[in-house]
Amino acid sequence: MNWFWYASPQTFYPLAGRMAPWFAGAAALLAVAGLYIGFFVAPTDAQQGEVYRIIFIHVPAAWLSMFIYVVMAFWAALGLAFNTRLSGMMANALAPTGALFTFIALWTGSLWGRPTWGTYWVWDARLTSELVLLFLYLGFIALQAAIDDPRRADRAGALLAIVGGVNIPIIHYSVVWWNTLHQGASVSVTKGASMQSQMLSAMLLMALAFWMYSIAVSLVRVRCVIRERGEA
Amino acid sequence: MLDAAFCVVRRDLLLAWRRKSDVATALLFFVIVTSLFPLGVGAEPTLLRAIAPGVIWVAALLSSMLSLSRLFAADHADGTLEQMLLGAAPLGVVAAAKAAAHWIVAGLPLALIAPCIALQYDLQAALWPVLALSLLLGTPVLSLIGAIGAALTLGLRGGGILLSLLVLPLYVPVLILGAGSVDMASAGMGGEGQLLLLAALLVAAGAFAPWAIAAALRISME
């Protein structure tokens, strides 16, 4: 099978249209299963009580927020290297979802932090890195929005995504290091090494649901982008 | 190749010299911003001493960023940039030279004037060299990373604001290490570790940023 067949927006457009409902359906089923196990089956946490259940939204969102940036940078690099139009469109379509998950991770994190840590926000290393990640997403979206010519927008965005991707580990470790210097041991979130298996399965199901949702939404969005540019 | 680099640096410095007010404005901005903080947070000497490294570094970041939008704008407007793209000298070398000239104009003066600001903030004299050295090592990284953003936003409407949105998140490690070196030194632990890491950042940025600037210029000019 020739995979490059689908590298053209024209042929990818109907394929994306056919695939999107399946991923959306899978997302809905997995989310229902994950939420059911998370809210009704998984036991109450010994230390945090019922509040911990926000983990089933928070952790998958945080995972995806980071993973989507990597995927975005991958498509961006592919687009720059092979000069394929669809890659830039994929990066374009992924960015809002990534920003959304970053925001959800920050939002649920602060809601979780209030009852457990007693504050909505701490300058914890992970929170700070996540905030910088949100800024990187917003910068990418703003740059693409500011450029009228779609080809230049794709390529400029791609370069920015790659520069950001190279910088993310540096930013993360500098923040971790800064945090240990300033913060002391006010907040330490040490998770138990072994998680209860029902909690873990609920979290993994939710993570899968978020994956499927991201794929479905980006396929729909990439169809919109293809349409906007009049390529299908 | 080096001739081309020196030529670009000399030309940019000459242009800056002919329009001295631009250079002075950025420097004045740095001085004014740092003078505003004591008015805002109060002139408690212990508080000032505690916030001095961070305030000076953030002001340096903003001041260096303000002059970035001018980095390629004039060359873009009069067509010089196109000739640089077409010319025989590798674009990466030209880009590195432009960033170096920007640093000499917008970064170096900050490092030189920083001890005076430190005086206002009642920072111990022993910390002045650390502050100046951290700025000497850190501001070239700001110029190099900033030049990528300046090249990407070349000729866009609202370029200045957009540039800050793109570039400031990438400045985070430099800010942390730069302010951290002075903090560590003031805590009596020596800031060498941070200064070495800053130097490592400078080497890495010096090696990779020119490529990215050149690629960004080609994207913006095609």
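Quick caveat, the model's predicted, so the values are computed rather than measured. (Residues numbered from 1 in each chain as written. Chains lettered and ligands numbered in written order. Predicted model: local features only at pLDDT ≥ 70, side-chain atom pairs only at ≥ 80, totals over all residues.)

Colleague: I keep staring at the overall build of chain A and nothing clicks. Help me out?
Modeller: A tally of regular secondary structure across chain A gives six helices and zero strands. In terms of overall size, chain A behaves like a compact globule, its C-alpha atoms giving a radius of gyration of 19 Å where 232 residues would be expected to give roughly 17 Å. Overall size of chain A, expressed as C-alpha extent along the three principal axes, is 55 × 40 × 30 Å. Classification of the 232 residues of chain A by burial places 41% in the buried group. (Helix = DSSP H or I, 4+ residues; strand = E, 2+ residues; numbered from the N terminus. Rg over C-alpha atoms; globule rule 2.2 N^0.38 Å. Buried ≥ 20, exposed ≤ 12 C-beta atoms within 10 Å, placed from the backbone.)

Colleague: Would you mind going over the environment of M184(B) with me for this structure?
Modeller: Residue and element names in this part refer to chain B. Considering the arrangement of structural elements, one finds M184 in helix α9 (residues 172-186). On the neighbour-count criterion, M184 (19 C-beta atoms within 10 Å) is partly exposed. The spacing of M184 and S35 is 149 residues in sequence and 24 Å in space, taken between C-alpha atoms. In contact with M184, not counting residues within four places along its chain, are M189, G190, G191 and Q194. (Contact = placed C-beta atoms within 7 Å.)

Colleague: Would you explain the confidence of the model for chain B in this entry?
Modeller: Reading predicted coordinates in detail is not appropriate for stretches of low pLDDT. Counting all residues, the mean pLDDT for chain B is 90, and 100% of those residues have values of 70 or more. Scoring of the predicted complex yields 0.89 for pTM and 0.88 for ipTM. (pLDDT = per-residue confidence, 0-100.)

Colleague: Got a minute to help me understand the confidence of the model for chain A in this structure?
Modeller: Per-chain confidence: chain A averages 86 in pLDDT, with 93% of residues scoring 70 or above. Below a pLDDT of 50 lies the segment residues 184-188 of chain A, which in the model reaches three contacts outside its immediate sequence neighbourhood of four places, other chains included.

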